[in-house]
Amino acid sequence: MKSQELRRAWIEFFEAKQHKLLPPATLVPHEMSTTLFTIAGMEQFVPVFLGEQPAPAPRVVTVQRCLRVAGAKSDIESVGRTGRHGTFLEMLGNFSFGDYYKREAIAWAWEFVTQVLRLDPKRLYVTVHTGDDEAERLWTGEIGIEPRRVSRFDEENFWTMGPTGPCGPCTEIFYDTGPEHASGADDTGPNLGNRYVEIWNIVFQQYNRAADGTLEELPRKAIDTGAGLERMLAVCNGVASMYQTDLFTDLVAAQPPIGRTSLSLREQDARRNIVADHMRSATFLINDGIYPSNTDRGFVLRFLIRRAIRNGKLLGYPDGFLAGLVPAVIRSLEPGYPELRESAERIASAIRREEQTFDRTLERGMAMLDRLIDDALKRHEHVISGDEAFTLHDTYGFPVELTREIAAEHGAVVDTIAFDRLMGEQRERARRDAAAKRDVVELADLPAIRSEFTGYDEGLESDGRVVAILKDGVAVPALRAGEEGTLVLDRTSFYAERGGQIGDRGTIASLLAGDTRFEVRDAQYMGDAIAHHGVVLGGEFAAGDEVRTSVLESWRREIRRHHTSAHLLQRALKDVLGEEVNQAGSWVGIDRMRFDFRWPGGALTPEQRRAVAHRVNEMIRDDSHLVTRVLPLEEAKKSGAIWMAGENYGDMIRVVQAGPSLEFCGGTHSHTTGELGLFVILSEFSIGSGIRRIESCVSEAAEEYVGKQSDLIGSLASTLATSPDELRERVERMQRDVKDLQTAMGQLRARLAAGEAASYVDKAERRGDRTFVGAVVHEANAEALRHLSNAIRNRLQSGVVALAGVDNGTVSLLVTASDDLVKAGVHAGKLIKVAAPHVDGKGGGQPAQAQGGGTNASGAEAAVRAVRDAVLT
């Protein structure tokens, strides 16, 4: 059986049981999730289990992609080495939300494995929770399993997704792979070794575990089935390992031939499995909007990619091999996830950039790590310190997990306690820096508050009520004139900062006392509440006050226009550069806009910049009316609108159309594109590997910018006694004149150097067959030294020349050696390294010529003497 056949059989079986097929969630879980990644099929339904959201249907079937690389569900240490562990897995799921319960779930599980998969019932065993008599009765009484094949366990049969959240007892189906796969004599049943493989887990979701560990009954009982596709596929095909199924065999076959390696055959197989598994994970993480970085999910992706690269190096694979595996991964998974095809180039580009980045540091980092391991073993301590591991992480980009793994292969360990302390200190410094930039107020001590934003429909003003007041982060009953603080309202026309658009400014006035006013200096989300930060201008505000919010018209107007320009810019970038352009972030202010985008092509050429700006201005001149529709999520995705992979969207989505631009967006926008007036690109530059940033402006800010540029050009033209139209030609002529003068000066220096060279050669020192010429030359830069050295070399057939030029407090060093001395073992690059420390500098070069420099002019004489001593002694 092929993997796609199993996926299709699962879906069709449960659709026939009146289950609704729902699309899988991304690997980025709901923002309220306690897990870093989606680790189970039930995760997208947590709000449904808790009664916070209505069920999408009474019965649901899914095929959910999951990632398990950290925490209680992590399988990272066993990946590639056992036949059942991987970081990326597909979880087959069927769910009931207050509909059917234990009887149907157990009966259908048995029906599927025995009648659809045709597994031998005599090789199937089940487990139940120690306190679940009902489940055991159903298995033995209704299904007819012999009691001896039913086992009871406590923790093993109580499923939790983390420290908090939905949980409950479970029952599992195990398949007996045969005595030849037993771990030992005691491997006689489920959970006792490797012989019995779990292929099905039915969780009876009935509790919610609170933060203090107490279990509360859920509003309604639910069924949550999880069946690992990979393990089930292996069992169906009669093989002991999922790495022997089509999910992996094609990926292993696509890898390069094994090169020079000291690995045993068993280790070679394990490493190839690791590469295949990690590529599956990396492919889906990038598809879901995660990119390599040093924080959170991006760090995990970086670790997986770098771990795969390192394993490939051990197998003797060539540089850049990993990105070449992307097509094979997509071919393998595309039948179940056709959207991967559209992301293929984006995925390959991201992996290729990470390979290039890591290849540059791998050699230096490995050299340091090898030295640290050797030192640790020589000291018989077998410990790499936390400081050393932190340096590898911070300087060379070595995840500590990779350092720990490599160290273990050589019999050493890492002091992870000290490493974690250093990482904690670094995070604390970053936290303090961030806190210093913005005073963050928390609502942790207040009841749950949800503010309604009225700006979409009611414009700049609306009425609301004060529901909470904070001062210095603490809830207070009132704020008085002159006091700074935060007002939280139930309804407001102020847009709070979100999605890169900064918060509104304006005033809040009491409806009861006309002189009571609050100046809003910023608006921020705190949970679902909109917090207005500012100062009371007059009067007093108390909780419960009825107020009117008024957004500053010019502020909102210019933000709307700049936000709309971000939509037009993304459309223009895709039109000019190609659809592979993807937004990576944005920031919208009143006088400029920043737009970050992923683009593998590097810096935009002048022609591309002009084409992008021209395309945006074309859309502005079209003066299209903006149209906003609120659509269900799936309908919004089908509309063709651009949306950011990895973002968590609600059930209803605002889709904004601005001419040919169509995007998901919850911000505020202009009424027409013509309002923007003029679009100007201010700058374009790199902000990271494969990520570019464009800064631009529109409307009044663009008009002001163009005016200043015009004034500057006019002033320069007047200074240079030419017209603005002829300014370029005038500057180019001046540049040619300067170049000619520089050439003439160089020729003059050469003639002067030739005259001086004779005196330096006359002072040459000789010892045996070696000649040395050295000098400190004042008011001479590196170029002057080259002229002088060439002149001396023309008069000196054999010897070493060492010159130190002192100019404005800095020192330039130059050492050259004749061909005969180079053949005799003299190396100018090594000589310059002898001299450089005397001037507090550094240098290097080739055997025949090397150069360097420093900042300590008083050490110039010593630097030349150091070279002399090295040559003549």
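Attention here is on the structure that accompanies the text. Nothing here was measured: the structure is a model prediction, and the numbers come from that model.

As for the overall build of the protein
Okay, step 1: Counting its regular elements, the protein contains 23 helices and 35 strands.
Okay, step 2: Seen through its principal axes, the protein has C-alpha atoms that stretch 110 × 85 × 50 Å.
Okay, step 3: In the protein, which comprises 873 residues, the share counted as buried stands at 50%.
Okay, step 4: A separation threshold of at least 6 residues defines the contact pool for the protein, and within that pool the share at least 24 residues apart is 67%.
Okay, step 5: Carbon and sulfur atoms make up 48% of the accessible area of the protein, which totals about 40600 Å².

Thoughts on empty space enclosed by the protein
Okay, step 1: Counted under the stated rule, the structure contains three cavities of 30 Å³ or more.
Okay, step 2: Space inside the largest cavity adds up to approximately 80 Å³.
Okay, step 3: Sort the elements by how many residues they give to the lining of the largest cavity and helix α10 (residues 344-378) lands first, with four residues.
Okay, step 4: In terms of residue class, the lining of the largest cavity is built from three nonpolar, two polar and five charged.
Okay, step 5: As a volume, the second largest cavity reaches approximately 50 Å³.

Describing the pattern of salt bridges
When their charged atoms lie close together, side chains carrying opposite charge are able to pair.
Okay, step 1: All told, the structure shown has 49 salt bridges when counted by the stated rule.
Okay, step 2: With its nearest N and O atoms 2.8 Å apart, the salt bridge here joins E90 to R7. Taken together, the positions of E90 in strand β3 (residues 88-97) and R7 in helix α1 (residues 3-15) put the pair 83 residues apart, joining distant regions of the chain.
Okay, step 3: Residue E90 is classed as buried on the basis of its relative accessible area of 0%.
Okay, step 4: Residue R7 is classed as buried on the basis of its relative accessible area of 3%.
Okay, step 5: The partner of E136 in a salt bridge is R152, with the nearest N and O atoms 2.5 Å apart. Here E136 is found in helix α4 (residues 133-143), whereas its partner R152 is found in strand β5 (residues 150-153), with 16 residues between them in sequence.
Okay, step 6: Among the charged side chains, a network of salt bridges with common partners joins E553, R557, E558, R560, R561, E675 and E700.

Examining the packing of helix α15 (residues 553-577) against helix α18 (residues 699-719)
Okay, step 1: α18 packs onto α15 with a crossing angle of 80° between their chain directions and a minimal axis gap of 8 Å. As far as their axial angle goes, α18 and α15 are roughly perpendicular. Along its contact with α15, which presents R557, E558, R561 and H562, the element α18 presents S699, E700 and A701.
Okay, step 2: Residue composition of the contact of α15 with α18, grouped by class: one nonpolar, two polar and four charged.

Quick look at the sheet that holds strand β27 (residues 661-664)
Okay, step 1: Spatial strand order, β25-β26-β27: three strands in an open sheet with antiparallel pairing. Only two strands of the sheet have a single neighbouring strand rather than two, namely β25 (627-632) and β27. Each strand of the sheet is rotated relative to its neighbour by a mean of 25°, with strand direction disregarded.
Okay, step 2: As defined by bridge partners, β25 adjoins strand β26 (residues 652-658) across six bridges and the pair is classed as antiparallel. From the neighbouring strand, L631 faces β26, where its bridge partner is I653.
Okay, step 3: Sitting on the sheet, α15 is in contact with β26 and β27, with an inclination near 115° to β27.

Comments concerning the sheet that holds strand β35 (residues 849-854)
Okay, step 1: Ordered by their spatial adjacency, six strands build an open sheet running β30-β31-β32-β33-β35-β34, and the pairing between neighbours is mixed. Of all the strands in the sheet, the pair left with one neighbour each is β30 (765-767) and β34 (842-845). Taking each pair of neighbouring strands and ignoring which way they run, the sheet shows an average axis angle of 15°.
Okay, step 2: Relative to strand β31 (residues 770-778), β30 is paired through three bridges, and the arrangement is antiparallel. When the sheet's bridge partners are listed, R767 is paired in β31 with R770.
Okay, step 3: Against the sheet, helix α20 (residues 782-795) engages β31, β32 (800-807), β33 (810-817) and β35, with an angle of about 155° to β32.

Conventions used here
- Residues numbered from 1 in each chain as written.
- Predicted model: local features only at pLDDT ≥ 70, side-chain atom pairs only at ≥ 80, totals over all residues.
- Heavy atoms only, no water.
- Helix = DSSP H or I, 4+ residues; strand = E, 2+ residues; numbered from the N terminus.
- Buried < 20%, exposed > 50% of the residue type's maximum accessible area, 1.4 Å probe, protein only.
- Contact = heavy atoms within 4.5 Å.
- Areas by Shrake-Rupley, 256 points an atom, 1.4 Å probe, with all protein chains shown as cover.
- 1 Å grid on protein atoms, 1.4 Å probe; cavity = no way out; pocket = protein on both sides within 12 Å on 5 of 7 lines; lining within 4 Å.
- Points joined across faces, edges and corners; volume = space filled by probe spheres on them.
- Nonpolar A, V, L, I, M, F, W, Y, C, P; charged D, E, K, R; others polar.
- Salt bridge = Lys/Arg side-chain N within 4 Å of Asp/Glu carboxyl O.
- Axes fitted to C-alpha atoms, helices over the stretch in contact; angles between N-to-C directions.
- Parallel < 35°, antiparallel > 145°, perpendicular 65-115°, else oblique.
- Pairing = 2+ DSSP bridges.

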